[in-house]
Amino acid sequence: MIDSLWRMGLYGCVPIGMALAGRRLLRRYPKEYSCGLWILVFVRLLLPVFIGKPLGVQPLQYMGCLQRAGGKGLWASLYLAGVCLVSGYFLIQGLRIRRQLRPAVREMKNIWRCENISSAFVAGLIKPRIFLPYGLEGTERWYVELHEKMHIRHGDPWVRMLGTVTLCLHWWNPLVWYAVSKLYEDLEMSCDEAVMKECASPERKIYSDVLLRLSMRQNGFPGLGFGESHTERRIRNLLEKKKKVNVWFVLLFYLLLNLCVRISLTILQI
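From a predicted model like this one, the values you see are computed outputs, not experimental measurements.

Definitions and limits used
Residues numbered from 1 in each chain as written. Predicted model: local features only at pLDDT ≥ 70, side-chain atom pairs only at ≥ 80, totals over all residues. Heavy atoms only, no water. Helix = DSSP H or I, 4+ residues; strand = E, 2+ residues; numbered from the N terminus. Contact = heavy atoms within 4.5 Å. Areas by Shrake-Rupley, 256 points an atom, 1.4 Å probe, with all protein chains shown as cover. Patch = residues over 30% accessible without salt bridge, like charges linked within 9 Å, V, L, I, M, F, W, Y side chains within 5 Å. Salt bridge = Lys/Arg side-chain N within 4 Å of Asp/Glu carboxyl O. Lys, Arg positive; Asp, Glu negative; His and termini not counted. Charge placed at Lys NZ, Arg CZ, Asp CG, Glu CD. Buried < 20%, exposed > 50% of the residue type's maximum accessible area, 1.4 Å probe, protein only. Pairing = 2+ DSSP bridges. Axes fitted to C-alpha atoms, helices over the stretch in contact; angles between N-to-C directions. Arc of directions from axis to C-beta. Phe/Tyr/Trp six-rings, centres within 6.5 Å; stacked < 30°, edge-to-face > 60°. Parallel < 35°, antiparallel > 145°, perpendicular 65-115°, else oblique. Nonpolar A, V, L, I, M, F, W, Y, C, P; charged D, E, K, R; others polar.

1. So, the overall build of the protein
So, step 1. Counting its regular elements, the protein contains 11 helices and four strands.
So, step 2. For the protein, contacts bridging at least 24 residues in sequence account for 70% of all contacts bridging at least 6.
So, step 3. In the structure as shown, the protein presents an accessible area of about 15000 Å², 65% of it carried by carbon and sulfur atoms.

Next comes the structure, spelled out in structure tokens:
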């Protein structure tokens, strides 16, 4: 099992590289296309399915040596210790957030107010709730609430859960950590763009101002809320004029994605 997880993490480097390159090429298009690039990445990282021959240079060859030398058990112990440490970190973070949300008061439907937070975010999977800090009113509240509703509509809480599981399983791979951070960034930008579709064009500047103000009151929950550390990139993305997407672009995007899959499989058969 551990051998398979190691191979999944190693093979995942190929689609991650392609997703990062494709993300760069699609930077002037709506972020929903960039988000689509990550599907192949997480299929590779989370599904133990292997096609073709194993890589010519990979740790599994050394695992055989370790096994003969009696060191495979040590390697398994180190890997499982890393999984436990990272999982424990996320668990403690979740318990900390849950403790801070105890005084939250339900305002309406799935909207809750809490005095212990300074930034809005979504929590929960089956019945996600939107938590808003006190003092968030008027235009600010309208934009923030709409943004968080977009996260729920897009299924982002589930995507973030998959991201957390991926980090726990592939804790040793720095490229996976970078990929997950970029995925979260794309999710935020995609929600920003979805909010702008509900608004008139002049409101982009207003929304950007709201985003900047709220980021300065970030509550210290990384990757959860409206105020993110990559605020500058999100504002720049909002103010950039996006290219219009047509049928030919969608077709080309599909063909390129298929080409990437074929290249990935070819590389994995070396």
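2. Overview of the environment of Leu5
So, step 1. Secondary-structure assignment places Leu5 in helix α1 (residues 2-11).
So, step 2. Sequence separation between Leu5 and His170 is 165 residues, and the spatial gap between their C-alpha atoms is 7.7 Å.
So, step 3. Every residue in contact with Leu5, bar those within four places of it in the chain, is listed here: Tyr79, Leu169 and His170.

3. Looking at the side chain of Asn237
So, step 1. Secondary-structure assignment places Asn237 in helix α10 (residues 231-239).
So, step 2. Setting aside anything within four residues of it in sequence, one finds Asn237 in contact with Arg27, Lys31, Met189, Glu193 and Lys242.

4. Considerations on a positive patch on the surface
So, step 1. Judged by side-chain charge, Arg24, Arg27, Arg28 and Lys243 come together as a positively charged surface patch.
So, step 2. Along the polypeptide, Arg27 turns up in the loop between α2 (13-25) and α3 (31-46).
So, step 3. Exposure remark for Arg27: the relative accessible area of 37% places this residue in the partly exposed category.

5. Points about the sheet that holds strand β3 (residues 121-123)
Adjacent strands of a sheet form backbone hydrogen bonds with each other and so pair up, either parallel or antiparallel.
So, step 1. The strand order across the open sheet formed by four strands is β1-β2-β4-β3, and the pairing between neighbours is mixed. Edge positions in the sheet fall to β1 (105-108) and β3, since each of these pairs with one other strand and no more. The average undirected angle you get between the axes of adjacent strands in this sheet is 40 degrees.
So, step 2. Pairing between β3 and strand β4 (residues 129-133): three bridges, direction antiparallel. Each residue of the ladder has a partner; that of Val122, found in β4, is Ile130.
So, step 3. Set on the sheet, helix α6 (residues 138-153) makes contact with β1, β2 (111-114), β3 and β4; between it and β4 the angle comes to about 155 degrees.

6. As for α10
So, step 1. Here α10 has its buried residues at Thr231, Arg234, Ile235, Asn237 and Leu238. Summarising the axial view, the buried residues of α10 lie within an arc of 160 degrees, below the 170-degree limit, and thus occupy one face. In α10, the exposed positions that point more than 90 degrees away from the buried face belong to Glu232 and Leu239.
So, step 2. Lining the buried residues of α10 we find α3, α6, α8 (174-197) and α9 (203-215).

7. Some words on unusual backbone geometry
So, step 1. Not every positive phi belongs to a glycine, and Lys109 is a case in point at roughly 45 degrees.
So, step 2. With respect to the helices and strands, Lys109 occurs in the loop between β1 and β2.
So, step 3. Here Lys109 falls in the exposed class, since its relative accessible area comes to 71%.

8. Let's talk about the packing of aromatic side chains
So, step 1. In this structure the tally under the stated criterion is eight aromatic pairs.
So, step 2. With a centroid separation of 4.1 Å and an interplanar angle of 15 degrees, the aromatic rings of Trp6 and Trp172 are classed as stacked. Here the residue Trp6 occupies a position in helix α1, and Trp172 occupies one in the loop between α7 (156-169) and α8, the gap between them amounting to 166 residues.
So, step 3. Overall, the relative accessible area of 14% leaves Trp6 in the buried class.
So, step 4. Arranged with centres 5.2 Å apart and planes meeting at 75 degrees, the rings of Trp142 and Tyr143 form a pair that is edge-to-face.
So, step 5. Among the aromatic residues, ring-to-ring pairing joins Trp6, Trp75 and Trp172 into one connected group.

9. Let's talk about the packing of α2 against α3
So, step 1. Where α2 meets α3, the axes come as close as 9 Å, and the angle between the chain directions of the two elements is 175 degrees. As summarised for this structure, α2 and α3 are arranged roughly antiparallel, according to the angle between their axes. Contacts from Pro15, Ile16, Met18, Ala19, Leu20, Gly22 and Arg23 of α2 reach α3 at Ser34, Leu37, Trp38, Leu40, Val41, Arg44 and Leu45.
So, step 2. Grouping the constituent residues of the contact of α2 with α3 by class yields 10 nonpolar, two polar and two charged.

10. Considerations on the pattern of salt bridges
So, step 1. For the structure on display, the rule yields 14 salt bridges.
So, step 2. Salt-bridge contacts for Glu185 lead to Arg23; the nearest nitrogen and oxygen are separated by 2.9 Å. You can see Glu185 sitting in helix α8 and its partner Arg23 sitting in helix α2, a full 162 residues away along the chain.
So, step 3. The class for Glu185 is buried, based on a relative accessible area of 4%.
So, step 4. The partner of Arg23 in a salt bridge is Asp186, and the shortest N-O contact between them spans 2.9 Å. Here the residue Arg23 occupies a position in helix α2, and Asp186 occupies one in helix α8, the gap between them amounting to 163 residues. There is no split in this pair, since Arg23 and Asp186 are both buried.

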